[in-house]
Amino acid sequence: MLKLEGIDVYYDSIQALRNLSLEVREGEIYALLGANGAGKTTTLKAISGLLIPRKGRIYFQNEDITFLPIEERVKRGISQVPEGRRVFGKLTVEENLLLGGWTKEREIKKNLEIIFSLFPVLKQRLRQLAGTLSGGEQQMLSIARALMSEPRLLLLDEPSLGLAPLLVRDIFHYIREINEERGVTILVVEQNAHMALQIAHRGGLLQQGELILEGSADELKNMELVKSAYLGG
Amino acid sequence: MRAKNIILVIGIPFSLWLINHFISNPSIFSPYILQIIVLMGINAILAVSWDFISGVTGQFSIGQAGFMAIGAYSSAFLTLKYKVPFLPAILFALILSAIAGFIVGIPTLRLRGDYLAIATLGFGEIVRVAILNMPSLGGATGLKGIPIYSSFFSVYLALAITLWFCLALLKSQPGRILLSIREDEIASQMMGIDVVKYKVFAFTFSAALAGLAGALYAHWTSLVHPDSFSFMKSIEIILMGVLGGMGTIYGPAVGGMLITLLPEGLRLLLEQNPLLYQNKDFVRMLFFAILLLFFIILRPQGIFGKREAKG
Ligand SMILES: Nc1ncnc2c1ncn2[C@@H]1O[C@H](COP(=O)(O)OP(=O)(O)OP(=O)(O)O)[C@@H](O)[C@H]1O
Ligand SMILES: [Mg+2]
């Protein structure tokens, strides 16, 4: 469904991704792991269109999207949940959701219903300012907002960041539900490899802008490198 | 809802028209008071124009006086030299200032926030200096004898339409999009919003409103002068917006009225005291500075703004 073919991404003169190739298959959860600064966020930005690679190609559903503007990618079904949630703090929960759905204006009602069945807590807080939600609720809102555009591929950047362990489990439960029940393909970036590999089908390990390992979630869990560096032993 | 709208659409202009008859009668109301009330309305429109781009959309502009000047001079030029009626002259002013906003906006709105502020500041000065050097626009002497077409009625009708339009827009999807750009530009981009396009729209619209205020101003005071549209005017407009409450639209409208009214009250006080009166410009500046400090420290959200959500 999504294919990166040998992409190089730079910030001015600093190279953040080196010849990165990666494939996410239809219907799966793919976990992209790596330490701070490995290039995980950069990879997601290249897919969503916030950054354009200097070399290489990106294909989505067999079409070349390397140079498409972000809005065109959103319309085709790629939606990103940014690192650190980035909800619109001084707008209400409802306004945040409506903004998320602005490329699919005719489906807004239907999509809101879907969101409320997935995250009932948001329905009770429609008129509350998003900035006053708890961290966990903000993360739910951020995911819900991205779902409003009816993505086929959801890009999640460290959804567990800064959440208490119990909430982390909730969030990963929701991610799996979105994948299984709504049929959304998911690419999730995580430092919490333990949680990510529990729900993922496949994954890869990024190090200094290069993909150094790839495999099924079970394979990754048993690899020494992953175990020692990311699973705490 | 429908019935209410119809009542508003007929009722507001009609009551403005009635008040106009009463208020414009010099035997009932002193021309001095009428003068202040009309200027309050014009400044309210200016403050709203600034709030639309800076308070709502989050793009800090320090060049509103430049757009106001374009509106004032272009309309005055038409009515004075070509005897064009008021309404077409206003439309022309709106369009010309909108075009100026569009042209300035396209390159500058791609820049980071602080660059925009500097670019708009530069733009305002360029307009003023350009007018100074245009003999057909009166140069340093300005344009005199502009027909007095503005009235309480036209100014407050324009203000009512401006407020209605901006507030309705804020509740619609395009309005929400502008707010989201202010809140987090990158996140808006991720929603698939063409951020630059919406910023340029907001800037163009804001310029048109400032141009409208300029046209009303020129046809009220009957004379325009490059100094009326200096950097200080842009600062005054910002003060009105900040005082009223950025991003609320109606707040800056009230702020514009207060900032027009307060100096007049101050003047009445100063007239009692010859020493203060001799230094009235200084006292006035001091007063504004203290007012601004007061608000920045004690009430940064302005009179009507909501307190920042912590989190
Ligand atoms: N805006 C930027 N300008 C310059 N360099 C950047 C920028 N953003 C990221 N980088 C650099 O690119 C590299 C990859 O960063 P990236 O944000 O993709 O890492 P990450 O894997 O998401 O890390 P983290 O887990 O800390 O979020 C890092 O070396 C980082 O310093
Ligand atoms: Mg990151």
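Predicted model only: the values in this text are computed from it and were never measured.

Asks: Break down the overall build of chain A for me, with residues and values.
Replies: From N to C terminus, chain A includes 10 helices and 10 strands. Its C-alpha atoms give chain A a radius of gyration of 17 Å, near enough to 17 Å, the size a compact globule of 233 residues would have. Its C-alpha atoms put chain A at 45 × 40 × 30 Å along the principal axes. In chain A, which comprises 233 residues, the proportion classed as buried is 57%. For chain A, restricting intrachain contacts to residue pairs at least 6 apart in sequence, the fraction spanning at least 24 positions comes to 67%. Carbon and sulfur atoms provide 46% of the accessible area of chain A, an area that totals close to 10,000 Å².

Asks: Any chance you could break down the coordination of the magnesium ion (ligand 2) for me, citing the residues and the numbers?
Replies: In the first shell of the magnesium ion (ligand 2), the protein supplies Thr41 of chain A (OG1) and Glu83 of chain A (OE), at 1.8 to 2.6 Å from the metal. Taken together, the residues span a long stretch of sequence, with Thr41 of chain A in helix 1 (residues 40-48) and Glu83 of chain A in the loop between strand 6 (78-81) and helix 3 (93-100) at a distance of 42 residues.

Asks: Explain the interface of chain B and chain A to me, using residue names and the numbers behind them.
Replies: Counting from both sides, the interface comprises 22 residues of chain B and, opposite them, 23 residues of chain A. Per-residue buried area on chain B facing chain A is highest for Arg176, Met190 and Met191 of chain B; these three make up 32% of the total on that side. Where chain B meets chain A, there are one salt bridge. Notably, a salt bridge pairs Asp184 of chain B with Arg86 of chain A, separated by 2.7 Å at the nearest N-O pair. The interface formed by chain B and chain A includes six residue pairs in polar contact (both at pLDDT 80 or more). Looking at the side of chain B that touches chain A, the elements with two or more residues in it are helix 7 (173-183) and helix 8 (185-190) of chain B.

Asks: Break down the packing of helix 2 (residues 31-56) of chain B against helix 11 (residues 250-271) of chain B for me, with residues and values.
Replies: Describing two packed helices takes the angle between their axes plus the distance from one axis to the other. Residues and elements named next belong to chain B. Here helix 2 crosses helix 11 at 140°, and the two axes come no closer than 6 Å. Both helix 2 and helix 11 take part in a crossing whose hand is right-handed. Packed against helix 2, whose contacting residues are Tyr32, Ile36, Leu39, Met40, Asn43, Ala44, Ala47, Val48 and Asp51, the element helix 11 presents Pro252, Ala253, Gly256, Met257, Thr260, Leu261, Glu264 and Arg267 at the interface. Its residues placed into classes, the contact of helix 2 with helix 11 shows 11 nonpolar, three polar and three charged.

Asks: Let's hear about the packing of aromatic side chains: which residues, and what values?
Replies: Here the structure, examined in full by the defined rule, presents 18 aromatic pairs over all chains. Ring geometry for Phe77 of chain B versus Tyr82 of chain B: centroids 5.9 Å apart, planes at 65°, classification edge-to-face. The partly exposed category is assigned to Phe77 of chain B, whose relative accessible area is 22%. Note on Tyr217 of chain B and Phe229 of chain B: the rings are 6.1 Å apart at their centroids and 80° apart in plane angle, and the pair reads as edge-to-face. In this pair, Tyr217 of chain B sits in helix 9 (residues 195-221) while Phe229 of chain B sits in the loop between helix 9 and helix 10 (231-244), placing the two residues 12 residues apart along the sequence. The exposure class assigned to Tyr217 of chain B is buried, which follows from its relative accessible area of 18%. Its relative accessible area of 3% is what places Phe229 of chain B among the buried residues. Feature note: the residues Phe52, Trp164, Phe165, Phe201 and Phe205 of chain B constitute an aromatic cluster, connected by ring pairs. Directly above the aromatic system of Tyr10 of chain A lies the positively charged group of Arg54 of chain A, at a separation of 3.9 Å from the ring centroid.

Asks: How would you summarise helix 1 of chain A if you had to cite specific residues and measurements?
Replies: Residue and element names in this part refer to chain A. The buried count for helix 1 comes to eight of nine residues, which makes it a mostly enclosed element. Along helix 1, the residues that are buried comprise Lys40, Thr41, Thr42, Thr43, Leu44, Ala46, Ile47 and Ser48. Backbone geometry just after helix 1 places Gly49 at a positive phi near 105°.

Asks: Account for the sheet that holds strand 10 (residues 210-216) of chain A, naming residues and giving values.
Replies: All names here are of chain A. Strand order across the open sheet formed by six strands is 6-7-8-3-9-10, with mixed pairing between neighbours. Two strands close off the open sheet at either side, each with one partner strand: strand 6 and strand 10. Across this sheet, the average inter-strand angle for adjacent strands is 15°, counted without regard to direction. Pairing of strand 7 (residues 153-157) with strand 8 (residues 185-190), which is carried by five bridges, proceeds in the parallel orientation. Along strand 8, the bridge assignment pairs Leu153 with Thr185. Relative to the sheet, helix 1 contacts strand 3 (29-34), strand 6, strand 7, strand 8 and strand 9 (202-207), its axis offset from that of strand 7 by approximately 150°. Contacts from helix 7 (residues 165-182) reach strand 3, strand 7 and strand 8 within the one sheet, and its direction differs from that of strand 8 by about 155°.

Asks: Please give an account of a nonpolar patch on the surface that cites residues and values.
Replies: Taken together, the side chains of Leu91, Phe92, Ile95, Leu96, Ile99, Phe102, Ile103 and Ile106 of chain B make up a nonpolar region of the molecular surface, amounting to roughly 710 Å² of accessible area. Relative to the helices and strands, Leu96 of chain B resides in helix 4 (residues 86-108).

About the thresholds
- Residues numbered from 1 in each chain as written.
- Chains lettered and ligands numbered in written order.
- Predicted model: local features only at pLDDT ≥ 70, side-chain atom pairs only at ≥ 80, totals over all residues.
- Heavy atoms only, no water.
- Helix = DSSP H or I, 4+ residues; strand = E, 2+ residues; numbered from the N terminus.
- Rg over C-alpha atoms; globule rule 2.2 N^0.38 Å.
- Buried < 20%, exposed > 50% of the residue type's maximum accessible area, 1.4 Å probe, protein only.
- Contact = heavy atoms within 4.5 Å.
- Areas by Shrake-Rupley, 256 points an atom, 1.4 Å probe, with all protein chains shown as cover.
- Donors = N, O, S within 2.8 Å, 3.2 Å for Na, K, Ca; no water.
- Buried area = accessible area lost by both parts, 1.4 Å probe.
- Salt bridge = Lys/Arg side-chain N within 4 Å of Asp/Glu carboxyl O.
- Polar contact = N/O pair within 3.5 Å; in protein donor to acceptor, adjacent residues only side chain to side chain.
- Axes fitted to C-alpha atoms, helices over the stretch in contact; angles between N-to-C directions.
- Left-handed = near helix turned anticlockwise from the far one by under 90°.
- Nonpolar A, V, L, I, M, F, W, Y, C, P; charged D, E, K, R; others polar.
- Phe/Tyr/Trp six-rings, centres within 6.5 Å; stacked < 30°, edge-to-face > 60°.
- Lys NZ or Arg CZ within 6 Å of the ring centre and 35° of its normal.
- Pairing = 2+ DSSP bridges.
- Patch = residues over 30% accessible without salt bridge, like charges linked within 9 Å, V, L, I, M, F, W, Y side chains within 5 Å.

By themselves, these observations are geometric and do not establish any function.
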